[in-house]
Amino acid sequence: MAENDHPPPLDELEKRLAAARDIQADRERGKGSGLAAEGKSYGLAIRLAIEMVSTLAVGVFLGWVLDRWLDSGPWLLIVGFFLGAAAGSLNVYRVSQTMIREPGDGETG
Amino acid sequence: MSTEAHSPLSQFEVHTLVPIQIGSVDASFTNAAVFMVAAAASVLLFLSLGMAKRAMVPGRWQSLVELSYEFIANLVRDNVGKEGRRFFPFVFALFMFILFCNAIALVPYTFTVTSHIIVTFAFAAVVFVLVTLVGLFKHGLHFFSLFLPKGVPIALAPLLVPIEIISYLARPVSLALRLFANLTAGHTMLKVFGGFVVMLGLAGVAPLLVIVVLYGLETLIAFLQAYVFTILTCIYLNDALHLH
Amino acid sequence: MPQLDTATFMPQLVWLALTFIVLYVVLSRRLLPRIGEILEARKDKIAHDLGAAEAAKKQAEATLAAYEAGIAKARVEALGLHAAAQEAAAKASAQRREEAEATLAREGAAADAAIAAAKGRALGEIREAAAEIAQAALARIVGIEVDRATALKAATDEGVA
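Residues numbered from 1 in each chain as written. Chains lettered and ligands numbered in written order. Predicted model: local features only at pLDDT ≥ 70, side-chain atom pairs only at ≥ 80, totals over all residues. Heavy atoms only, no water.

## A closer look at the interface of chain C and chain B
Phase 1 of the analysis: With 32 residues of chain C at the contact, the number on the chain B side is 47 residues.
Phase 2 of the analysis: Regarding the contact of chain C and chain B, the summed buried area is about 3700 Å², with carbon and sulfur atoms giving 79% of it.
Phase 3 of the analysis: The three residues of chain C that bury the most area against chain B are Gln3, Gln12 and Trp15 of chain C, which together make up 17% of that side's buried surface.
Phase 4 of the analysis: Across the contact surface, chain C and chain B share two salt bridges.
Phase 5 of the analysis: Inspection of the region where chain C meets chain B yields nine residue pairs in polar contact (both at pLDDT 80 or more).
Phase 6 of the analysis: Classifying every residue of the side of chain C that touches chain B by side-chain character gives 22 nonpolar, six polar and four charged. (Contact = heavy atoms within 4.5 Å. Buried area = accessible area lost by both parts, 1.4 Å probe. Salt bridge = Lys/Arg side-chain N within 4 Å of Asp/Glu carboxyl O. Polar contact = N/O pair within 3.5 Å; in protein donor to acceptor, adjacent residues only side chain to side chain. Nonpolar A, V, L, I, M, F, W, Y, C, P; charged D, E, K, R; others polar.)

Dropping the structure here:
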């Protein structure tokens, strides 16, 4: 009968309206930025290496500066070396922790 | 180091084009400066031409502009939160500038601005200073609690505080080093394999294939490194604002 | 490594600062607010359009409901009319049948009466004829003159026919 011909278009409209609303809501919520994997293994290796090297370098550099300032021989440089190595390891450990927690999205310095 | 014309590193040399001296400062216009200006101009052109029509229903170009805007806006919102809005223009400028420097560098015979440690370090230093100032303004001396992780026995403090300070100071170094190393390594490799192609003549097909693959990888890295630099900036800003 | 040539540091820093500051200022003062504006305007427009679409849908639903109610009402009415018509038709046909039956009964009764009358008349005629015959036969055979009334009586008593 005639009344059976009418509901489908309205139902469909309802569906399309709901879909449009969802899209808009998603847009406003700002669906995460999807891209976080830094080229996987290659990127990870470089990243951790850079992390280690730069932290170690900062430790050594600080030690060297303090040595020159306090005229304390090579001692603070050596201390700086070990502290830098420790800090580097700690950072690498932290990065790996965030990676275990959220695979592919560990982006902490 | 080597100044031979065909050394893979010769592409990184800076040549003075117009010598300019302001007081004791050497402000010469170099080939590096050419590409910095080109990058900044391209960003401005890309954005203003894309938004010229300001259409309600965006065309392809305008969509691209809006996409980049929302990409960074989401990045800032997700990683820094509401207070991050103030820094959005800075983060956006940073991302676009680095991205366009990297992208322009993909064109053969161009100069790679971001392959210079002084440039990447300057960016990292600006981020570092900004983050530190933001933290100090927001939290005053309490900001230094960043250096003593919560729930750590006080006895370990003399050991942990220096380690945390070194980590904090290492941030700009690793930030700068990462961008510099990635771009320098990529472009050097491209040049080396390019040299192979020329040397081997017909047999140069194999290294040519390597170049094609490398080139694709470089394109990815150009974007990825700009992204990583930007997201780390956001994360540092978040640390300074919220002192985890 | 050319990157470590400290002589190039200063000019690079100067131009980097210059270009980046120009970029930052133009972006934050002009371009980004413009992009933000249009995105905001679009968001509002989409929200508004979605609202309008929803209202239109509601209205369509109301119209459909009214339409369906109308159909249902008409249907009930039609059913009522149908039943009434059926009843009327049944009543009419029943009345007609009754009438027909009554007519038939009347006509049958009339016919019976006519038949009975005809029979009586026929019987009378037969009796008369029988009396006449008997009278004539007696006169001729026995030579007795029986009067007509006696003969008729005898014929009736004996039950001719």
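## Comments concerning helix 1 (residues 9–141) of chain C
Residues and elements named next belong to chain C.
Phase 1 of the analysis: Its 133 residues give helix 1 an end-to-end C-alpha distance of 186 Å, which sits within 8% of 198 Å, the value for a rise of 1.5 Å per residue.
Phase 2 of the analysis: Considering bend angle alone, the principal kink of helix 1 is centred on Leu27 and spans about 50°.
Phase 3 of the analysis: Positive backbone phi, approximately 80°, marks Gly143, located one or two places after helix 1. (Helix = DSSP H or I, 4+ residues; strand = E, 2+ residues; numbered from the N terminus. Expected span 1.5 Å × (residues − 1). Bend = angle between axes of the 7 residues up to and from the residue.)

## A short note on the packing of aromatic side chains
Two measures describe an aromatic ring pair: the distance that separates the ring centres and the angle between the ring planes.
Phase 1 of the analysis: All told, the structure shown has 25 aromatic pairs over all chains when counted by the stated rule.
Phase 2 of the analysis: Pairing Phe71 of chain B with Phe95 of chain B gives two aromatic rings, centres 5.7 Å apart and planes at 50°, and the pair type is tilted. Placement of Phe71 of chain B in helix 2 (residues 60–80) and of Phe95 of chain B in helix 3 (residues 88–104) is noted, with a sequence separation of 24 residues between them. Like Phe95 of chain B, Phe71 of chain B is buried.
Phase 3 of the analysis: Pairing Phe97 of chain B with Phe20 of chain C gives two aromatic rings, centres 5.8 Å apart and planes at 85°, and the pair type is edge-to-face. Of this pair, Phe97 of chain B sits in helix 3 while Phe20 of chain C sits in helix 1, placing the two residues on different chains. (Phe/Tyr/Trp six-rings, centres within 6.5 Å; stacked < 30°, edge-to-face > 60°. Buried < 20%, exposed > 50% of the residue type's maximum accessible area, 1.4 Å probe, protein only.)

## Notes on the packing of helix 3 of chain B against helix 4 (residues 117–139) of chain B
Residues and elements named next belong to chain B.
Phase 1 of the analysis: Packing of helix 3 against helix 4 brings their axes to within 12 Å, and their N-to-C directions diverge by 170°. Put simply, helix 3 runs roughly antiparallel to helix 4. The element helix 3 and its partner helix 4 pack so that their crossing is left-handed. Contacts between helix 3 and helix 4 involve Phe90, Leu94, Phe97 and Ile98 from the former and Phe123, Val126, Val127 and Leu130 from the latter.
Phase 2 of the analysis: Residues that form the contact of helix 3 with helix 4 fall into these classes: eight nonpolar, no polar and no charged. (Axes fitted to C-alpha atoms, helices over the stretch in contact; angles between N-to-C directions. Parallel < 35°, antiparallel > 145°, perpendicular 65-115°, else oblique. Left-handed = near helix turned anticlockwise from the far one by under 90°.)

## A few points about the environment of Asp44 of chain C
Phase 1 of the analysis: Tracing the chain through its elements places Asp44 of chain C in helix 1.
Phase 2 of the analysis: Sequence spacing of Asp44 of chain C and Glu125 of chain C is 81 residues, and the spatial spacing of their C-alpha atoms is 121 Å.

## What to know about the pattern of salt bridges
Phase 1 of the analysis: For the structure on display, the rule yields nine salt bridges over all chains.
Phase 2 of the analysis: A salt bridge links Glu51 of chain A to Arg178 of chain B; its shortest N-O distance comes to 4.0 Å. Here Glu51 of chain A is found in helix 2 (residues 40–70), whereas its partner Arg178 of chain B is found in helix 5 (residues 157–200) on a different chain.
Phase 3 of the analysis: Of the residues examined, Arg178 of chain B reaches a relative accessible area of 2% and is grouped as buried.
Phase 4 of the analysis: Glu40 of chain C serves as the salt-bridge partner of Lys43 of chain C, at 3.9 Å between the closest nitrogen and oxygen. Separated by three residues within a single helix, Lys43 of chain C and Glu40 of chain C lie in helix 1, roughly one turn from each other.
Phase 5 of the analysis: Of the residues examined, Lys43 of chain C reaches a relative accessible area of 34% and is grouped as partly exposed.

## Considerations on unusual backbone geometry
Phase 1 of the analysis: Even without being a glycine, Asp71 of chain A presents a positive backbone phi close to 55°.
Phase 2 of the analysis: Assignment of secondary structure puts Asp71 of chain A in the loop between helix 2 and helix 3 (75–101).

## As for the packing of helix 2 of chain B against helix 3 of chain B
All names here are of chain B.
Phase 1 of the analysis: Where helix 2 meets helix 3, the axes come as close as 10 Å, and the angle between the chain directions of the two elements is 125°. Judged by the inter-axis angle, helix 2 sits oblique to helix 3. The chirality of how helix 2 crosses helix 3 is right-handed. Contact with helix 2, carried on its side by Ser68, Tyr69, Phe71, Ile72, Ala73 and Val76, involves Phe88, Val91, Phe92, Phe95 and Met96 of helix 3 and no other residues of that element.

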